Amino acid sequence: MSQELAEKRMRLRYAGTCRVCNAALDARTEAVYERATKTVRCLSCSPPVSADVAVVIGGEPPAAPEAPGAGVAVVEAGPVDAGVAGASARREYERRQAKREERIRAKHPKLGGLILALSDDPQSTTAWDAGALGEERLGTRLDELATDTLRVLHDRRIPGTRANIDHLAVTPTGIYVIDAKRYVGKRPSLRVEGGVLRPRVEKLMVGTRDQTKLVDGVLKQVELVRLIVDEDVPVLGVLCFIESDWPLIGGAFTTRGVDVLWPKKLYPRLASDGPHAAQVADLHARLARAVPPA
């Protein structure tokens, strides 16, 4: 589904809440309505239209205007495309949702609409929505923190694979490879087994489930970024759990060199001073070219 059909910029008839940042939106406020999720998004959480692909949300793309101001805003292309947080996960969710709707309506021409209204998407589909929402919320806050010495990239495609990197933050203390995970109400913890007579094994637990594979994924991304940078700049892996059940005291930990924490614990680290401030702009541009938006 194209963006102009999937989203519509409108003035709200009723009060609502932004799906991404949870901000309260009063009636008559301008916002973006998402048809696929039947939710609204505030303008602050809506990515700007790119300069090379002009799309008017809620209408037809304009014929090439002769001058700025002729019905479409002109956005100057910047040297670096920072990407849109959660974009690929959101597209996958919408693709799966649309495919399910098409399948049900084809099988039940008369009752398809009713079946869709009374049934939920399968967990394999809603997981993509949850993942996209986590990336979007974290990405919005990272964009707010960005400065000349804290530059971010979102949703980067790993060349030669179907995988992606959720967020990259280039800072004076190093490059942070950030994998956003949204496990609502689940507590991440570290389980250590062995260590005396048997080899020490560290497991990342989320609730009662072994999710050590998440650490493996971040380590692969860290190694890729190290190969791209090829400089004496630290590359640090982070698993950032959003809306999880963290304890009041402590909670954050490190396993196999990957920091496991929550957003408010992450932000001060990214904003810290360090010895690589002069390299931030160059490293940011190099990474943007090497790992394009997904």
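Above this text is the structure in question.
Attention here is on the structure that accompanies the text. Small disclaimer: the values here were computed from a predicted structure and weren't measured.

With that out of the way, let us pick up a nonpolar patch on the surface. Residues L111, L114, I115 and L118 make up a contiguous nonpolar surface patch of about 390 Å² in total accessible area. Along the polypeptide, I115 turns up in helix α3 (residues 112–118).

Let us look at unusual backbone geometry. Notably, E243 is not glycine yet its phi reads approximately 65°, a positive angle. If you trace the backbone, E243 turns up in the loop between β12 (235–242) and β13 (253–255).

What follows deals with the sheet that holds strand β14 (residues 258–261). Ordered by their spatial adjacency, 6 strands build an open sheet running β6-β7-β8-β12-β14-β13, and the pairing between neighbours is mixed. Two strands lie at the open edges of the sheet, namely β6 (151–157) and β13, each paired on one side alone. For this sheet the average axis-to-axis angle between neighbouring strands, irrespective of direction, equals 25°. Here β13 runs beside β14; their pairing, made up of 3 bridges, is antiparallel. Across the sheet, the residue bridging to T255 is V258, located in β14. Contacts between helix α5 (residues 212–229) and the sheet are confined to β7 (164–171), β8 (174–182), β12, β13 and β14, with β12 contributing the most and set at about 145° to the helix. Across the sheet, helix α7 (residues 280–290) touches β6, β7 and β8, and the angle it forms with β6 is around 15°.

A few words on helix α6 (residues 263–270). Along α6, the residues that are buried comprise P263, L266, Y267 and L270. The buried residues of α6 occupy an angular sector of 105° when projected down its axis, which confines them to one face. For α6, the exposed residues lying more than 90 degrees away from the buried face are K264 and P268. Contact partners of the buried residues in α6: α4 (123–145), β7, β8, β12 and β14.

Cut-offs used in this document
Residues numbered from 1 in each chain as written. Predicted model: local features only at pLDDT ≥ 70, side-chain atom pairs only at ≥ 80, totals over all residues. Heavy atoms only, no water. Patch = residues over 30% accessible without salt bridge, like charges linked within 9 Å, V, L, I, M, F, W, Y side chains within 5 Å. Areas by Shrake-Rupley, 256 points an atom, 1.4 Å probe, with all protein chains shown as cover. Salt bridge = Lys/Arg side-chain N within 4 Å of Asp/Glu carboxyl O. Helix = DSSP H or I, 4+ residues; strand = E, 2+ residues; numbered from the N terminus. Pairing = 2+ DSSP bridges. Axes fitted to C-alpha atoms, helices over the stretch in contact; angles between N-to-C directions. Contact = heavy atoms within 4.5 Å. Buried < 20%, exposed > 50% of the residue type's maximum accessible area, 1.4 Å probe, protein only. Arc of directions from axis to C-beta.

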